[in-house]
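# Coordinate inspection notes
What follows is the residue order along each chain.
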Amino acid sequence: MDTMTAIMTRRSIRAFKDAPVTDEQMKTLLEAAMNAPSAGDGRPWHFVVTTDRAQLDALADEVDEGNAMFKQAQAAVLICLDESLEGFKGFGPQDCSCAAQNLQLAAHDMGLGTVWIAIINVPPRVAGCRKVFGVPEEMTPFALFPIGVPGEELKAEVRYDESRIHNGRWVKR
Ligand SMILES: Cc1cc2nc3c(=O)[nH]c(=O)nc-3n(C[C@H](O)[C@H](O)[C@H](O)COP(=O)(O)O)c2cc1C
């Protein structure tokens, strides 16, 4: 899939088939995530990866408010922010966001589905991730991604919006 096609057709997938995700696919996802740009090339991230059924089920209950998606997912990736590695202080969330979007686009390119589950700034979800994965206090759970073969098909959306564009000078609308 070419880059523009991946960007324009990716959707958040919250239902998964009972079909395996391979170790090789997981490695490719992590390669894509770690190839993201980061401020000062700091790469202030760690990735907690699981394909363990009991852990995936626990994520549904402890993090995702009992929703079914982690019970269906075959794998999950938690991106954690390590502030001690930030190339420039305070830029870590932006760096982790770049890794997160690379991961989502790579999954789509491989025919896998995922959705960004917000963790940072959601205290009960942060606590759930620490409990399920044993993430230490000095690391900040940032965003969680269930991974699987899509069990739903969502149409591409065109969200281009001229009213958000200001040519040369800000136009008050
Ligand atoms: C920072 C961020 C946080 C999000 N958090 C959640 C979440 O907690 N749960 C969820 O189901 N989707 C979450 N999403 C997915 C959005 O709901 C989704 O991207 C949006 O509705 C647009 O749909 P699309 O991804 O299919 O294009 C999040 C997306 C982003 C970028």
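Residues numbered from 1 in each chain as written. Predicted model: local features only at pLDDT ≥ 70, side-chain atom pairs only at ≥ 80, totals over all residues.

### Structural notes on the site of the ligand
Taken together, the residues surrounding the ligand are Arg11, Ser12, Arg14, Val115, Trp116, Ile117, Ala118 and Leu154. Of the residues contributing to the shell around the ligand, the split by class is 5 nonpolar, 1 polar and 2 charged. (Near = placed C-beta within 6 Å. Nonpolar A, V, L, I, M, F, W, Y, C, P; charged D, E, K, R; others polar.)

### Remarks on the environment of Pro93
Its location among the elements puts Pro93 in helix 5 (residues 92–109). Put simply, Pro93 and Leu81 are 12 residues apart on the chain and 7.2 Å apart in space, counted from C-alpha to C-alpha. Look past the residues within four positions of Pro93 in its chain and what remains in contact with it is Leu81, Ile120 and Phe142. (Helix = DSSP H or I, 4+ residues; strand = E, 2+ residues; numbered from the N terminus. Contact = placed C-beta atoms within 7 Å.)

### Notes on the packing of helix 3 (residues 53–62) against helix 6 (residues 123–133)
Taken N-terminus to C-terminus, the directions of helix 3 and helix 6 make an angle of 160°; their axes are 9 Å apart at the nearest point. Classified by the angle between their axes, helix 3 and helix 6 sit roughly antiparallel to one another. Crossing handedness for the pair helix 3 and helix 6: right-handed. Packed against helix 3, whose contacting residues are Gln55, Ala58, Leu59 and Glu62, the element helix 6 presents Gly128, Lys131 and Val132 at the interface. Here the contact of helix 3 with helix 6 is composed, by residue class, of 3 nonpolar, 2 polar and 2 charged. (Axes fitted to C-alpha atoms, helices over the stretch in contact; angles between N-to-C directions. Parallel < 35°, antiparallel > 145°, perpendicular 65-115°, else oblique. Left-handed = near helix turned anticlockwise from the far one by under 90°.)

### Some remarks on the pairing of strand 5 (residues 140–148)
Each regular strand shows side chains that alternate between the opposite faces of the sheet. In terms of residue burial, strand 5 counts as a mostly covered element, since 9 of its 9 residues are buried. Two elements, strand 3 (residues 113–114) and strand 5, share 2 bridges in a ladder whose sense is antiparallel. Note on strand 5: the bridge partner recorded for Thr114 is Ile147. As paired strands, strand 4 (residues 117–118) and strand 5 are joined by 2 bridges and run antiparallel to one another. In the sheet register, Ile117 faces strand 5, and the bridge partner there is Leu144. (Buried ≥ 20, exposed ≤ 12 C-beta atoms within 10 Å, placed from the backbone. Pairing = 2+ DSSP bridges.)

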